[in-house]
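So the chains spell out like this:
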Amino acid sequence: MTNPNIFIFGKPGRGKSALVKAFILRMVRFGYRGLVLGDVKDEYEGLSRALGVEPFRIGPGLTGRVNPLDVGPLGDGWSNLDAAEQRRRVTVITGRWLTLLRGLAGSQAVPFGPTEERVLTRVLRELVGWEQGATQLAPVTVPEVWAVLDGPTSSLVRDTRHADRQHFLDDTRLLRDALGALCDGSLRGMFDGPSTVHPDWRAPIQTLSLRALHDTGNQAAVGIALMCLNSWGQAMRELAGPGDHRIVLRDEAWLQTRLSLDAVMSLDANLRLSRRDGDVQVVTYHKPSDPLSAGDSGSQAAQIARDLLHLSDIRVLMGQDGEVASELGNLLGLTRMQQDVVTGWAMQEKGRALWLVGDRKFKVQTLLTPLEQRLTYTNDAVAG
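Report on the accompanying structure. The shown structure was predicted, so the numbers you read here are calculated from the model rather than taken from an experiment. (Residues numbered from 1 in each chain as written. Predicted model: local features only at pLDDT ≥ 70, side-chain atom pairs only at ≥ 80, totals over all residues. Heavy atoms only, no water.)

1. Structural notes on the packing of helix α4 (residues 114-128) against helix α5 (residues 142-150)
Viewed as axis vectors pointing N to C, α4 and α5 meet at an angle of 115 degrees, and their least axial separation amounts to 10 Å. Both α4 and α5 take part in a crossing whose hand is right-handed. Across the interface between the two elements, Val119, Leu120, Val123, Leu124 and Leu127 of α4 pack against Glu144, Val145, Val148 and Leu149 of α5. Residue composition of the contact of α4 with α5, by class: eight nonpolar, no polar and one charged. (Axes fitted to C-alpha atoms, helices over the stretch in contact; angles between N-to-C directions. Helix = DSSP H or I, 4+ residues; strand = E, 2+ residues; numbered from the N terminus. Left-handed = near helix turned anticlockwise from the far one by under 90°. Contact = heavy atoms within 4.5 Å. Nonpolar A, V, L, I, M, F, W, Y, C, P; charged D, E, K, R; others polar.)

Right, here's the structure in full:
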């Protein structure tokens, strides 16, 4: 195996969440901690409370807020770093921000090319204090980025090679409108200010609930929220200490990947970091074709989404209906016998799955302890 990522596919009701909960709970004994970046349906609240941790809630009208442009631990001790290390870190930070902002623009069908990248790079470096040689990086929020774009200075207009202020405003109108989506509408108050969510990273698990947003029925907004949480989570993990490993759950990933090519690329970038960080990235889908909903058949988005499957050396195929058998075979190179395991044996009982581990394949039955059963079938935390 070359990476620790796990992709889990399964028809609803076949035991995906039970498997993930049991995996997180059991891996706590081996020194891992759980991080649920967007509990869309509050399926992991019981597990969190059983481990003594109160979940954070993010949604319309709630006080929980995450700033997706948090500098993160890379900004710690800035004045003590030499110039080369400062330059390296600011490149990492702004690169992460650009990946997110590109995804946000793409999710609203706004083109993001070299001009947009040049403009935002200049704005972000100015806001964070890099351009002015600050001794400490300043906090940055999406409304601040929007405000600079909406009222550009003469130096910004000149440095981004626009003829005049009006030319700049005309050229960035769609980009400003896209960023404004985080400040208004269904996402207002969630990702448009300083973070109020400050997890205890020494705790065995941290969960961020998006149930309130999910209940509005706005799937696009949930997808954008997942993208923001993924970027924020990546920032929080960029200086993890030796042995500080996480199981990072990316639940209902199809809500993000269906948004746009740039949203797919954002998830792709997060998953590729797992080899460096040692974290176990767990991504759940209903069926293998879900990643391909990112774009039209044969599109670049669909191809990248298909390639996501190869960023995981462990793929768990839980029970599926017979009509997806050929789909499984085409995407994952399964034999007829292996397809029959997924559509036959695995459908006979919850928790059964075909596990693809490296180049080996196993029929696996997940058996839950009484504690795990209670955490799986009820939202009430188990205490004492």
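2. Some words on the pattern of salt bridges
One pass over the structure, following the stated rule, counts 21 salt bridges. Residue aspartate 321 is joined to lysine 11 by a salt bridge in which the shortest nitrogen-to-oxygen separation is 2.9 Å. Placement of aspartate 321 in the loop between β7 (314-318) and α15 (325-332) and of lysine 11 in the loop between β1 (6-9) and α1 (16-27) is noted, with a sequence separation of 310 residues between them. A salt bridge links arginine 237 to aspartate 244; its shortest N-O distance comes to 3.2 Å. Judged by relative accessible area, arginine 237 falls into the buried class, the value being 6%. What emerges from the salt-bridge pattern is a single network uniting Arg33, Arg237, Asp244, Arg246 and Asp279. (Salt bridge = Lys/Arg side-chain N within 4 Å of Asp/Glu carboxyl O. Buried < 20%, exposed > 50% of the residue type's maximum accessible area, 1.4 Å probe, protein only.)

3. Details of the packing of aromatic side chains
Summed over the entire model, instances satisfying the criterion amount to five aromatic pairs. Here the aromatic rings of phenylalanine 9 and tyrosine 285 are separated by 5.8 Å at their centres, their planes lie at 15 degrees, and the arrangement is stacked. With phenylalanine 9 in strand β1 and tyrosine 285 in strand β6 (residues 280-285), this pair connects stretches of sequence that are 276 residues apart. Each member of the pair, phenylalanine 9 as well as tyrosine 285, is classed as buried. Ring centres 6.5 Å apart and planes at 85 degrees place the aromatic pair tryptophan 78 and tryptophan 130 in the edge-to-face group. Taken as a pair, tryptophan 78 in the loop between β3 (56-57) and α3 (83-106) and tryptophan 130 in the loop between α4 and α5 lie far apart in primary sequence, 52 residues in all. An identical accessibility class is assigned to tryptophan 78 and tryptophan 130; each is buried. Pairwise contacts between aromatic rings join Phe7, Phe9 and Tyr285 into one cluster. Residue placement shows lysine 21 over the ring face of tyrosine 44; its charged tip is 5.7 Å from the ring centre. (Phe/Tyr/Trp six-rings, centres within 6.5 Å; stacked < 30°, edge-to-face > 60°. Lys NZ or Arg CZ within 6 Å of the ring centre and 35° of its normal.)

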